Each structure stands twice: as structure tokens, then as C-alpha cells.
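Each chain, letter by letter, is given below.
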Amino acid sequence: QVQLVESGGGLVQPGGSLRLSCAASGSIFSIRAMAWYRQAPGKQRELVADITSTSITDYEDYVKGRFTLSRGMNDRTVELQMNSLKPEDEAEYYCDVVGLWGRGTQVTVSS
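Along every chain, residues carry numbers that run from 1 in the direction the sequence is written. Two thresholds apply to this predicted model, a pLDDT of at least 70 for residue-level local features and 80 or more for giving and counting side-chain atom pairs, whereas whole-chain, interface and lining totals are computed over all residues. Only heavy atoms go into the side-chain values, all of them from the structure, while hydrogens and water stay out.

S.K.: Quick question: what am I supposed to make of the overall build of the chain here?
M.R.: Counting from the N terminus, the helices are DSSP H or I runs at least four residues long and the strands are E runs at least two residues long. Scanning the chain from N- to C-terminus turns up zero helices and 11 strands. Taken over C-alpha atoms, the radius of gyration is set against a globule rule of 2.2 Å times the number of residues to the power 0.38. Taken over the C-alpha trace, the chain has a radius of gyration of 13 Å; the compact-globule value for 111 residues is 13 Å, and the two agree within 12%. When its C-alpha atoms are laid out on the principal axes, the chain stretches across 40 × 25 × 25 Å. When accessible area is computed with a 1.4 Å probe and restricted to protein chains, residues below 20% of their type maximum are described as buried, those above 50% as exposed, and intermediate ones as partly exposed. Out of the 111 residues belonging to the chain, those deemed buried represent 39%. For the chain, the share of sequence-separated contacts (at least 6 apart) that also reach a separation of at least 24 residues comes to 52%. In what follows, a contact means two residues having at least one pair of non-hydrogen atoms within 4.5 Å.

As C-alpha cells, this is what we get:
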């Protein structure tokens, strides 16, 4: 009944920026709480940032000061603004809404 779609990934140079979006559709009324995860080849999926139902955000140390998680233009969309991207940020990014996952969007950081 609920579908999640991540978008906004792409290829950027180190120091560049991307804005990811997680859009929900179906029976869900709104995204109240969610988390962004990422997974690089050969590595475990790791938490990037999350937002509570009251819009309190938390970031892992390696993205603090560079990434910003926020509500989108409507209550079914959440965005992740990524600035000052590093090669270490290269991964498939996923959104998690109450245990539901999208297919992910690829972020590539290369010179």
C-alpha cells in the first residue's frame, strides 16, 4: 500500500552538492519519522541521518556540518541536502520509513 522512491542521485566531483528526495505514495498520510541509510560495495549499510515525528534531526559524525535532513515541499517528501561531498560518501542511499524501503539512489563522487 505504501511506495517509497528515492531520487536525486548522480555523479559529482569532490566538494560538490546533491539533493536527495524520498517520496512516499499510497496509503501513507505523511512521513512523520524516517532515516537515511547508505551502503557502499563491500560495506554494511550504515545510518546517515534521521528525523523524528517532531522534526528533530540527528546526524552521524561523518556527515555533521555537511548534510541537512529536512521536510520537503509536501508532507510526503523528505530531502537530504548533501554539501561538500567526499569520495567516502559514494554509496547507494536509501530512505527508511517505518521499516519500509525504497530501491535507493546512487551517489557517485569522483574527480
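S.K.: Help me understand the nonpolar core in this model?
M.R.: In globular proteins that are soluble, nonpolar side chains generally tend to be buried together. The criterion is simple. A nonpolar core is a set of buried Ala, Val, Leu, Ile, Met, Phe, Trp, Tyr and Cys residues joined through side-chain atoms within 4.5 Å. Ranked by size, the top nonpolar core spans 28 residues in total, and within it Met34, Trp36, Leu69, Leu80, Met82 and Tyr93 carry the most contacts. Discounting residues that sit within four places of it in the chain, Met34 has contacts with Cys22, Asp50, Ile51, Leu69, Val78, Cys95, Asp96 and Val97.

S.K.: What is the right way to look at the state of the cysteines in this model?
M.R.: By disulfide we mean two sulfur atoms from cysteines, separated by a distance within 2.5 Å. Enumeration according to the criterion identifies one disulfide in this entry. Here Cys22 engages in a disulfide with Cys95; their sulfurs sit 2.1 Å apart. Taking the torsion about the sulfur-sulfur bond, which here is approximately 65°, the covalent link between Cys22 and Cys95 counts as right-handed. With Cys22 in strand β3 (residues 18-26) and Cys95 in strand β9 (residues 91-97), this pair connects stretches of sequence that are 73 residues apart. A single burial state applies to Cys22 and to Cys95, both of which are buried.

S.K.: Help me out: how do you make sense of the sheet that holds strand β7 (residues 67-71) in this one?
M.R.: Two orientations exist for strands paired in a sheet by backbone hydrogen bonds: parallel and antiparallel. Overall, antiparallel pairing links the four strands, which are arranged β1-β3-β8-β7 in an open sheet. The open sheet terminates on both sides in strands that have one partner only, identified here as β1 (2-7) and β7. Between one strand axis and the next, the sheet turns through 15° on average, direction left out of account. When β7 meets strand β8 (residues 77-82), the two strands line up antiparallel, connected through five bridges. Two strands pair if DSSP finds at least two bridges between them. Axes here refer to lines fitted to C-alpha atoms; in helices the fit is confined to the stretch in contact. Angles between the N-to-C directions go from 0 to 180 degrees.

S.K.: Mind showing me how you'd approach the packing of aromatic side chains here?
M.R.: How two aromatic rings sit relative to each other is set out by the distance from centre to centre and by the angle between their planes. Geometry of aromatic contacts follows a simple scheme: Phe, Tyr and Trp rings, the Trp one being its six-membered ring, pair when their centres are within 6.5 Å, and the pair is stacked under 30 degrees between planes, edge-to-face over 60, tilted otherwise. Applying the stated criterion across every chain, the model contains one aromatic pair. Only when the NZ of Lys or the CZ of Arg is both within 6 Å of the ring centre and within 35 degrees of the ring normal is a charge said to sit over the ring. The ring of Tyr94 carries Arg45 above its face, with NZ or CZ at 4.1 Å from the centroid. Positioned above the aromatic ring of Trp101, the side-chain terminus of Arg45 is 4.5 Å from the ring centre.

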